[in-house]
Amino acid sequence: MQQLIPSVQSFIPSNDTISFLVTPDIQIFVNSSLATIGSPSLLQFAETFKQDVTEILGFEVGSVKATPIFPSSANPFIFLSLGSTTPHKYYSGVPSPEGYDFEVTKSSYVIRGSSPIGVWWGTRTLLQQIVLAKSSHPIALQTGSGSDVPGWEVRAWRSTPFVLYLNLYSDLCKYASFFKIQSLHLHASDNLWNPSFLYGKDWRKLYSAFRFQPASGSPITGLVPLRNESWSQEDHGIDIVPEIDTPGHSLVITKWKPELMINGAPDQLNLSVPDTIPTIKTIWMRYFRGSTPGGIIGADEYDASLADDYISFVNEMSTYILGKSGKAIRIWGTREPSKTLSVSKNITIQHWDFPGDTIPVQLLQQGYKVINSEQAFLYLDGKTSDGGQRKGWAPNIFSQTDPSNNTSPHDPNLIGSIMALWNDWGNNATTPLEIYYQLSRSLAVFGEKSWTGSGVRNNELTRESFDRVQNLNRAVQTSDHDIVYDYPGVLKLPQRTSFDSVGPPYTLTRLLFSGKDSRLHLHSLAFEDTSTHILYPLTNLTLPSDKFSYMKVANMSFAAPSFEIGGEGFSGQIRNVSLRLDS
C-alpha cells in the first residue's frame, strides 16, 4: 500500500495478485442494524463518503444501500460497519472510538470501526488510496488487511476568521478531515491590539468582532450588529470548538456594554461588576450545543494583579458549563500569581507559551489535562509568522532545547495538540488564497504528527512523503507547456473560458478579467476578493491609453481571474489575451 497521510498503523498485504478495482459499477453498503448509530450516523458518513468519491473520480457511483447481512454482489463493493476486532487505544492507554480495521479483497473493501467516527477515518484512508491510484486505468488498490488508531484524541487547527471566508473555511475543514484532523478551534471573538487606539479616546474605532449569529430576539442581539452566516462540518468528521475570549480580549463585548469594562482598559472585563459574569454565561448558553466537545473561554493575558478574580471566574464558568452541558472547558495557559486559589483540575489547559506562561510538565504532574499549542512550533500568522519554524516537534514536545521539559507520548494527561493560524494584522490583511498557502502544507504535516507522533511507530512518514492532495491552490493542467489560454483577439464580449480560477504564480495580459476567487477591475486597476468584495488596488501600475499594454501580476495573494474576459459594460475589442503559468 502506498504511503498515506497520516501513516497507517499497520498493513499486511495479501498474497493475492488481483487488485480491488474502483469502477463506476462500485457499490457502497452500510450495515443496516448499525446505520443510525451516532451523530453523524454511520449512514450519514456513508452518504458524505459517496459524494467525496464521486467528486474525486469524476463519475457517479451507485447509491448507498443498507443491508442486514454481509453483501453479495457481482460488482466490487465497499462495506461499512462497526465492531472492530482490534482493542484500539490512544497512546495514553485510554480506549479510542476513532480506531478502525480494514480488509481489502479483489471483490470487497470492508471498514469496521470502533464507532462511526472510526469508520469515517477509515473512509479517508480509502479515499487517499483512490487519489494516489487515480492516474491508473482502471483504478487498482492493493489487497490486504490493516488497522489504525490515532495516538491522541485532540488533533485540531485553530483560526481567526476576521473576515467571513466561510466557503474557504468549509473547504479547509474538508481538507483537514482528509488528513484525519478532528476539530477546528474557532476563535469567535477578539479584537486587534493597537495601543494607540485601544488605550486612547478612539478605542471604539479599533476592529473587533463576534462571529456567531444570535437568533432573532435574542438578549445578545446587540453584540452582533452585522449579519453572519452559519455552517458546520460535522458531516466531514470535524467538530467546531468555539472560543469566546474573556475576560481579556473582550473589546467586542465592552463596545456593546461599556459598563462592564475596567476603566482605562477597554479590552478587559471588570469581573467585580455584578452583571459581568451573568452576561458571559448568557452568551455561552446561546451557542453551546450538546455535541460541542467543550468550549474555550479564552482566559489569557488578563491583569495579573487581579489573579484571584481571574481564577474565581474560570472556576465558576467551568462549574456552570459543566453543569449545563456535561462538557469540560479549556483555557489558554496563563500564569496567574495567586497564593490562595488554583484553577480547577476539571479545566483543560491549552499551553502556548513556554516558559513564559506555563510549564507543561509541571501541569501534567499536577494532574491537569494539557493540549500542546506551543507557539515556537505551532503558531502561524497571516502574512508573517514568528513561530512555527522549529524542527523536531510532536505533541509531547514542548521545548526543542530542553528535553527535561518534554514528556512521554504515553502521558495519560496529554490529550493532544492544536496548531494555530492567527490574523493579528487585522480583518483585511490576508486573502483566502494566502490563508490556504499558509495552511496547506502545514495541515498535512500536522495531521501526521498529531496522529502518529515521532519515534513511536516504525512506519512514520518522512519529509518526502508529503504532497498536496486537494486543489485549494487552484492548480491547473496545461496541454501547451505553461500556456493556460492565448487568444489573438476577443471580438465577442464577455468571453468565457474553461478555467474557473488559476492559482499563482502567473502572468496575464489585458483587462478586464473575472473568476471564481477574484475580479480585476479596469476602472480602478484593483483586485476584488469575491468572498468579501474588498478591493485591493494595484499600486505603481498605469494603463496607457494609446496602446495595448502588458501586465504581469507579481502578487501571490490572488488567484488569476481566469473565467471571463470583458464584462460590466466593457465594449470594443481586446487583443492578445493570454494567461501563462510562471515557475
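Residues numbered from 1 in each chain as written. Predicted model: local features only at pLDDT ≥ 70, side-chain atom pairs only at ≥ 80, totals over all residues. Heavy atoms only, no water.

## A closer look at the overall build of the protein
Inference 1: The helix and strand tally for the protein stands at 10 helices and 30 strands.
Inference 2: Here the protein holds 583 residues, and 56% of them are scored as buried.
Inference 3: Considering only intrachain contacts with a sequence separation of at least 6, the fraction spanning at least 24 residues in the protein is 71%.
Inference 4: Surface exposure of the protein reaches about 25500 Å², of which carbon and sulfur atoms provide 50%. (Helix = DSSP H or I, 4+ residues; strand = E, 2+ residues; numbered from the N terminus. Buried < 20%, exposed > 50% of the residue type's maximum accessible area, 1.4 Å probe, protein only. Contact = heavy atoms within 4.5 Å. Areas by Shrake-Rupley, 256 points an atom, 1.4 Å probe, with all protein chains shown as cover.)

## Focus on the nonpolar core
Inference 1: Residues Trp157 and Ile297 are the most contacted members of the largest nonpolar core, which totals 108 residues.
Inference 2: At eight residues, helix 2 (residues 116–133) tops the list of elements feeding residues into this core. (Core = buried A, V, L, I, M, F, W, Y, C linked by side-chain atoms within 4.5 Å.)

## Considering the packing of helix 1 (residues 42–57) against helix 2
Inference 1: The contact between helix 1 and helix 2 brings their axes to 10 Å, and the two run at 10°. Taken together, helix 1 and helix 2 sit at an angle that is classed as roughly parallel. In this structure, helix 1 uses Leu42, Phe45, Thr48, Phe49, Asp52, Val53, Ile56 and Leu57 to contact helix 2, whose residues at the interface are Pro116, Ile117, Val119, Trp120, Thr123, Arg124, Leu126, Leu127, Ile130 and Val131.
Inference 2: Class assignment for the residues of the contact of helix 1 with helix 2 results in 14 nonpolar, two polar and two charged. (Axes fitted to C-alpha atoms, helices over the stretch in contact; angles between N-to-C directions. Parallel < 35°, antiparallel > 145°, perpendicular 65-115°, else oblique. Nonpolar A, V, L, I, M, F, W, Y, C, P; charged D, E, K, R; others polar.)

## A look at the pairing of strand 15 (residues 265–269)
Inference 1: Strand 15 sits mainly inside the fold: five of its five residues count as buried.
Inference 2: Pairing between strand 14 (residues 261–262) and strand 15: two bridges, direction antiparallel. Residue pairing for strand 15: isoleucine 262 is matched across the bridge by alanine 265.
Inference 3: Between the end of strand 14 and the start of strand 15, which pair antiparallel, lie two residues, with glycine 264 showing a positive phi angle near 85°. (Pairing = 2+ DSSP bridges.)

## Brief notes about the pairing of strand 10 (residues 154–159)
Inference 1: Summarising burial for strand 10: six of the six residues are buried, a large majority.
Inference 2: Alternating residues of strand 10 divide into Val154, Ala156 and Arg158 and Arg155, Trp157 and Ser159, and every residue in both groups is buried.
Inference 3: With six bridges connecting them, strand 10 and strand 21 (residues 414–422) associate as parallel partners. Residue pairing for strand 21: alanine 156 is matched across the bridge by isoleucine 418.
Inference 4: One ladder, built from four bridges, connects strand 10 with strand 11 (residues 183–191); its direction is parallel. Within the sheet, the bridge partner assigned to arginine 158 lies in strand 11 and is histidine 185.

## Re the packing of aromatic side chains
Describing an aromatic ring pair means giving the distance of the ring centres and the angle of the ring planes.
Inference 1: For the coordinates displayed, the defined rule picks out 17 aromatic pairs.
Inference 2: Relative to phenylalanine 102, the ring of phenylalanine 11 has its centre 5.9 Å away and its plane inclined at 10°; by these criteria the two rings are stacked. In this pair, phenylalanine 11 sits in strand 1 (residues 10–13) while phenylalanine 102 sits in strand 6 (residues 100–104), placing the two residues 91 residues apart along the sequence. As far as burial versus exposure is concerned, phenylalanine 11 and phenylalanine 102 are alike and both buried.
Inference 3: Ring pairing ties together the aromatic residues Phe11, Phe20, Tyr100, Phe102 and Tyr109, which thus form one cluster.
Inference 4: Above the plane of the ring of tryptophan 120 lies arginine 124, whose end atom (NZ or CZ) is 3.7 Å from the centre.
Inference 5: Its end group placed over the ring of tryptophan 422, arginine 158 keeps NZ or CZ at 3.5 Å from the ring centre. (Phe/Tyr/Trp six-rings, centres within 6.5 Å; stacked < 30°, edge-to-face > 60°. Lys NZ or Arg CZ within 6 Å of the ring centre and 35° of its normal.)

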